[in-house]
Amino acid sequence: QLYREARECLTLLSQRLGSQKFFFGDSPASLDALVFSRLAPLLKAKLPNGKLQQHLKSLQNLCNYCTSILSLYFPWDGGESRPPPDPVGSG
């Protein structure tokens, strides 16, 4: 029952997002912060049962949404390499 409802919720989010960058157009809103905070761990974590994760991965627009937010707002978590640390005393 819970899995079915979670799956349905993901499907509805995907339909609502459609091809938009964010849920309310071109700029993020508080809903985007909330949705991303739930989707990103589900998308990225290693889970003992991956049924819900597989469903999320089948919803390409939600995957792209998470990847876009990661690269825009968390570039060091989005796969880019970190710059070398500043030497001590350099500023």
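Residues numbered from 1 in each chain as written. Predicted model: local features only at pLDDT ≥ 70, side-chain atom pairs only at ≥ 80, totals over all residues. Heavy atoms only, no water.

An unreviewed UniProt entry lists the chain under the name MTX1 protein, with Mystacornis crossleyi given as the organism.

Engineer: Whenever I open this one, the packing of aromatic side chains confuses me. Can you help?
Structural biologist: Each aromatic ring pair is summarised here by two numbers: the centre-to-centre distance and the angle between the ring planes. Inspection of every chain in the model, using the stated rule, returns two aromatic pairs. Their ring planes at 75° and their centres at 5.3 Å tell us that phenylalanine 23 and tyrosine 65 sit as a pair that is edge-to-face. With a gap of 42 residues between them, phenylalanine 23 in the loop between helix H1 (2-17) and helix H2 (30-44) and tyrosine 65 in helix H4 (residues 60-73) connect regions that are remote in the sequence. In this structure, phenylalanine 23 and tyrosine 65 share a single accessibility class: buried. Taking the centre distance of 5.9 Å and the plane angle of 10° together, the rings of phenylalanine 36 and phenylalanine 74 count as stacked. Here phenylalanine 74 lies in the segment after H4 and phenylalanine 36 lies in helix H2, a separation of 38 residues in the sequence. Directly above the aromatic system of tyrosine 3 lies the positively charged group of lysine 51, at a separation of 4.4 Å from the ring centroid. (Phe/Tyr/Trp six-rings, centres within 6.5 Å; stacked < 30°, edge-to-face > 60°. Helix = DSSP H or I, 4+ residues; strand = E, 2+ residues; numbered from the N terminus. Buried < 20%, exposed > 50% of the residue type's maximum accessible area, 1.4 Å probe, protein only. Lys NZ or Arg CZ within 6 Å of the ring centre and 35° of its normal.)

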